[in-house]
Amino acid sequence: MSTTSTKPEIEVISQPDQEFLEKKGVFKWGTWGCDAGSFPWTYGENESAYLLAGKVTVTPTDGRKPATFRKGDFVTFPAGMSCTWDVEEAVHKHFKFF
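Because the structure is predicted, anything quoted here is derived from the model rather than measured.

It is worth spelling out the pattern of salt bridges at this point. Tallying each qualifying case throughout the model produces five salt bridges. Among the salt bridges present, the one from K23 reaches E19, with a minimum N-O distance of 3.3 Å. Taken together, the residues span about one helical turn, with K23 and E19 both in helix α1 (residues 18–24) at a distance of four residues. Judged by relative accessible area, K23 falls into the exposed class, the value being 67%. Overall, E19 belongs to the partly exposed group, its relative accessible area being 48%. With a shortest N-O distance of 3.6 Å, K55 and E88 are connected by a salt bridge. Placement of K55 in strand β4 (residues 47–60) and of E88 in strand β7 (residues 82–97) is noted, with a sequence separation of 33 residues between them. The exposure class of K55 is partly exposed, given its relative accessible area of 22%. The class of E88 is partly exposed, set by a relative accessible area of 45%.

What follows is the structure, given as structure tokens:
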């Protein structure tokens, strides 16, 4: 029996350049933030986010790989994923659901 997940993983693009961000339209997206702490979350839709501040580890509850990301990283979360956000440093991000 295989334990490999066939579900989409969290995708982290570390420190993308300005051109990438402008093509995505990141700076026109909404913003959200939270203080350090931990909370559960379920993604009803895909989400892309660009971290303006902070450091986070997101651990899916279904066996997908955890992901750690920080200020300057671009992250995409797959729809249907339940996880725990462990916010090590207060977060401020641009985000877009799709």
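The next thing to look at is the side chain of D73. Counting through the fold element by element, D73 comes out in the loop between β5 (67–70) and β6 (74–77). The side chain of D73 sits in the buried core without any salt bridge; R70 is the nearest counter-charge, 4.5 Å away. Here S14 takes part through its side chain, which lies 3.5 Å from a polar atom of the side chain of D73. In this view, D73 contacts V12, I13, S14, Q15, P16, A49, Y50 and L51; residues no more than four positions away in its chain are not counted.

In this section: the environment of S82. Here S82 lies in strand β7. With 40 residues separating them in the primary sequence, S82 and T42 have C-alpha atoms 4.1 Å apart. For S82, the residues in contact, after removing those within four places along its chain, are W41, T42, P60 and T61. A polar contact is formed between the side chain of S82 and the side chain of T42, at a distance of 2.8 Å.

Going through the model one piece at a time under the given rule, you end up with 12 aromatic pairs. On the basis of an interplanar angle of 65° and a centroid distance of 5.8 Å, the ring pair of F69 and F77 is categorised as edge-to-face. On the accessibility criterion, F69 (0% relative accessible area) is buried. Residue classification places F77 among the buried positions, given a relative accessible area of 1%.

Procedures and definitions
- Residues numbered from 1 in each chain as written.
- Predicted model: local features only at pLDDT ≥ 70, side-chain atom pairs only at ≥ 80, totals over all residues.
- Heavy atoms only, no water.
- Salt bridge = Lys/Arg side-chain N within 4 Å of Asp/Glu carboxyl O.
- Helix = DSSP H or I, 4+ residues; strand = E, 2+ residues; numbered from the N terminus.
- Buried < 20%, exposed > 50% of the residue type's maximum accessible area, 1.4 Å probe, protein only.
- Lys, Arg positive; Asp, Glu negative; His and termini not counted.
- Polar contact = N/O pair within 3.5 Å; in protein donor to acceptor, adjacent residues only side chain to side chain.
- Contact = heavy atoms within 4.5 Å.
- Phe/Tyr/Trp six-rings, centres within 6.5 Å; stacked < 30°, edge-to-face > 60°.

Without other data, these values stay purely geometric and don't point to any function.
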